[in-house]
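# Architecture and fold: a report
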Amino acid sequence: MRRGRGMGGVDKTRSGGAERATSRDVARLAGVSHTAVSFVFNGRARGNLSAETQEKIRKAAAQLGYRPNAVARGLRRRRTAVIGLVTDEIATSPFAGRLLRGAMDTAWNSEHLVLTVDSGQDPVTEDAAVAELLDRRVDGIIYAALSLRRARVPEGLHRTFAVLANCLAEDGSLPAVIPAERAGGRSAARVLLDAGHRRVAQVGGLDDIATAERLRGFRDALRAVGLTAEKDWIMRTGGEIAAGYEGALRLLEGVPADRRPTGIVCYNDRVAAGVLHAAARLGLDVPADLSVVGYDDQEHMAAFLSPPLTTVALPHRAMGETAARLLLDAIDSGTALPVATRRLECPVVMRGSVGPAPNP
């Protein structure tokens, strides 16, 4: 059977069909040694090859559609180029898919794949998942939670490179990447304070770390302008739409305009949706009569409320990216990460639910 040949005498086909290009094909097309190609794709080109030669090799590789053999390279390095990601319920939740995407994109850009297991918050499943990933010789594992909490982490995480995302180890034994929730609470309150509001309430919240930290930040912001949070204006009503609706009615219904809050910070965007519903029932215009700030920047929700919701965004994607980057750096260096907590900024997303404080 006659073979087709490309530029530089490189075989483009083989009997039985097309065949994946090899590093030797790249070397022939680029007019360099096989060793030079290996240097480029094993990260050893700097100091060994000129920039011009490196570029020539990369162009030849692109022309041939060449990709390094990850399995062979992994065997040489005693790695698999795969990291594990164990989640409590993120993979089945519509709220935090950006964390997964951030981790996967970062890993892909470093020529790693991500093998994901969702435990459904079952500790037995988590232990089994980590054991299975270790049996498959993944290079390291990210353990991620849907909501910020102190987590009982599978023991197997201590036998590999591991980073936590959106949670903290109960025993403080592993590095973690979490949102800067206290700073986020400050930012949410400052949005209202900067708009001139001085009668500010907080609605919603659970018995968790996020609620406690956001409330601390809320109090920080009020204290900075000489205010103290009114005890009756801190409504710990839960985290769903009904909780926001209930809390807002308790704050606003039947209260004279000069004695009710003009701004409300909400535990999350679902609570904020309930507050907006209550305001509409009471005939209050948002933001002319009442300003509302959410938290999370929940996809497919915050921007589509009426009015669109000003909110504080949880850095889900950044958490995934940062956790993956920390893990990959540790794998590359062969050095365990220091046990430290990295807190990521929660940026404010301004939309239409906040306006100047009304008179009186």
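Residues numbered from 1 in each chain as written. Predicted model: local features only at pLDDT ≥ 70, side-chain atom pairs only at ≥ 80, totals over all residues. Heavy atoms only, no water.

### Examining the sheet that holds strand 7 (residues 176-179)
Heads up, the condition is: For two strands to pair, DSSP has to find at least two bridges joining them. The secondary structure listing takes helices from DSSP runs of H or I that are at least 4 residues long and strands from runs of E that are at least 2 residues long, numbered from the N terminus. Only C-alpha atoms enter the line fits that serve as axes; for helices the fit covers just the stretch in contact. Angles between N-to-C directions range over 0 to 180 degrees.
With parallel pairing, 6 strands are arranged side by side in an open sheet as 2-1-3-5-7-13. At either margin of the open sheet sits one strand with a lone partner, and together these are strand 2 (113-118) and strand 13 (341-344). Neighbour-to-neighbour, the strand axes of this sheet turn through a mean angle of 20°, independent of strand direction. In this sheet, strand 13 lies alongside strand 7 in parallel orientation, the contact comprising 4 bridges. Counted as the bridge partner of Ala176 is Thr341 from strand 13.

### What to know about the packing of helix 7 (residues 181-194) against helix 8 (residues 209-224)
Packed helices, taken two at a time, are described by the angle their axes make and the gap between the axes. Rules: Angular relationships are summarised with four words: roughly parallel below 35 degrees, roughly antiparallel beyond 145, roughly perpendicular across 65 to 115, and oblique for the angles in between. Crossings are classed by handedness, with left-handed meaning an anticlockwise turn of the near helix from the far one by less than a right angle and right-handed meaning a clockwise turn. Contacts: residue pairs with any heavy atoms within 4.5 Å of one another.
Where helix 7 contacts helix 8, the axes come no closer than 6 Å and their chain directions differ by 45°. On the basis of the axis angle, helix 7 is oblique to helix 8. The two elements helix 7 and helix 8 cross, and the hand of that crossing is right-handed. On helix 8, the residues touching Glu181, Arg182, Gly185, Arg186, Ala189, Arg190 and Leu193 of helix 7 are Ala210, Glu213, Arg214, Arg216, Gly217, Phe218, Asp220, Ala221 and Leu222.

### Overview of the nonpolar core
Our working definition: What makes a nonpolar core is a set of buried Ala, Val, Leu, Ile, Met, Phe, Trp, Tyr and Cys residues whose side-chain atoms join them at distances within 4.5 Å. Exposed residues in this analysis have more than 50% of their type's maximum accessible area, buried residues have under 20%, and partly exposed residues fall in between, with area computed by a 1.4 Å probe over protein chains only.
Counting residues in each nonpolar core, the largest one holds 27 residues, and the members touching the most others are Leu251, Ile264, Val275, Leu290 and Val292. Those elements giving two or more residues to this core turn out to be strand 8 (200-203), helix 9 (241-252), strand 10 (263-266) and helix 10 (269-281). It is helix 10 that contributes the most residues to this core, 7 residues altogether. Excluding residues that lie within four positions of it along the chain, Ile264 makes contacts with Leu192, Ala201, Val203, Leu251, Leu252, Val275, Leu290, Ser291, Val292 and Val293.

### Remarks on the pairing of strand 5 (residues 161-165)
Burial within strand 5 is extensive, with 4 of its 5 residues counted as buried. Here strand 3 (residues 140-144) pairs with strand 5 via 5 bridges, running parallel. Opposite Tyr143, over in strand 5, you have Leu164 as the bridge partner. Examined bridge by bridge, strand 5 and strand 7 share 2 bridges and lie parallel to one another. Each bridged residue has a counterpart across the sheet, and for Leu164 the counterpart in strand 7 is Ala176.

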